[in-house]
Amino acid sequence: MSRTTRLTYRPARPDDLPACTEIWSAGIGDYVRRLNRPWFTGDPEPLMRLLAHFLRTDPERFWVAADPTDEGRVVGYGSATLRGDAWFLGMLFVLPEQQSHGVGRALLERVMPGQGEPQGERPAMGTATDSVQPIATALYSQYGIVPRLPAFNLAGRPERPDALPPLPPGIHVTESRESTGDDDASGIAAIDVRVLGHLHPADHAFLIAEGRRLFVARSERGETVGYGYVAPSGRFGPVAALDPGLLAPITAHLITAVRAPGAYASWIPGAAAEVFVTLLRAGFRLESFPALLLWDRPVADFTRYVPINLALL
């Protein structure tokens, strides 16, 4: 009996999350070491909380593969989110010894929207993958989810702060001390609809619960024109702006308003060219290989948006 046929597939449960974090670490570590690059597991708790968020918001799109011959051990998992009419595959990982046996494809098809529906009735489908993972990219492309845009992990500190653009005249940024259930919520929601094409209040609530600080940009008339989040650790995103020209100044404000203990970091889409150039000129560096953003039809305007991370737009 093949490894694939003896596995069972079922919706994930909360007690599966520790195994899922271990599978993520094993999968990433395996291919990173094959590239002769160092790999450190790090603190699993942030990933565990992210997976718990996926399970709370999209339990029907979080599946695991388990081996019944090994006491039901979880050997792979896939998780996607559906926000409005945008489906996004955040996680698809399989233990190295179970790869190349169709497990990833089986999980993918369980978390995908219905394949029998006409395209006009299906949500837009997107995901992100490493550019050094051609097998994964080819798998997604078979379902029409093809590479469209690179994203780059930029990290560092603003060693040359004069390279950071100031806010334009008439634009001011203030920190929101409340959750997005307050007066900022309607302005942020309007930006999300125009930039992302959908609302995602549950993700905003998750970011606030994680301790990321929210800053809101307004015009002289009080109109909300942008927002951004930055964690005390220095991780920043999402950043959104109605005008593409505001994305870099808002990003610059985030990394000067919060003093991080180490490097600031985020994934910057190639379409956000001004942010990309600004951070490099300010002293940031490119880390590792670029990622690829894939979709079957557009899921966001990345000239005006820096995502939360590569697993959650």
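Residues numbered from 1 in each chain as written. Predicted model: local features only at pLDDT ≥ 70, side-chain atom pairs only at ≥ 80, totals over all residues. Heavy atoms only, no water.

Draft legend 1. Representation of helix H6 (residues 201-209) in the model. What H6 keeps buried is the set Asp203, His204, Phe206 and Leu207. Seen along its axis, H6 keeps its buried residues to an arc of 160 degrees; they face one direction. Facing away from the buried surface of H6 by more than 90 degrees, the exposed residues are Pro201 and Ala209. Buried residues in H6 make contact with helix H2 (45-57), strand E3 (73-83), helix H5 (184-195), strand E9 (224-230) and strand E10 (236-241). Downstream of H6 by a residue or two, Gly211 has a phi angle that is positive, lying close to 95 degrees. (Buried < 20%, exposed > 50% of the residue type's maximum accessible area, 1.4 Å probe, protein only. Helix = DSSP H or I, 4+ residues; strand = E, 2+ residues; numbered from the N terminus. Arc of directions from axis to C-beta. Contact = heavy atoms within 4.5 Å.)

Draft legend 2. Structural context of the pattern of salt bridges. Taken as a whole and judged by the stated rule, the model has 15 salt bridges. As a salt-bridge pair, Asp16 and Arg10 come within 2.8 Å of each other at their nearest N and O atoms. For the residue pair Asp16 and Arg10, the accessibility class agrees, reading buried in each case. Here Arg297 ties to Asp296 by a salt bridge, and the two come within 3.7 Å at their closest N and O atoms. Classification of Arg297 by relative accessible area gives partly exposed; the value is 25%. (Salt bridge = Lys/Arg side-chain N within 4 Å of Asp/Glu carboxyl O.)

Draft legend 3. Structural view of the pairing of E10. For E10, the tally of buried residues reaches 6 of 6 residues, placing the bulk of the element in the interior. Pairing analysis gives 4 bridges linking E9 to E10, with the strands arranged antiparallel. From the neighbouring strand, Tyr227 faces E10, where its bridge partner is Ala240. Bridge count between E10 and strand E13 (residues 305-306): 2 bridges; the pairing is antiparallel. Looking at E13, one finds that Val239 is bridged to Val306. (Pairing = 2+ DSSP bridges.)

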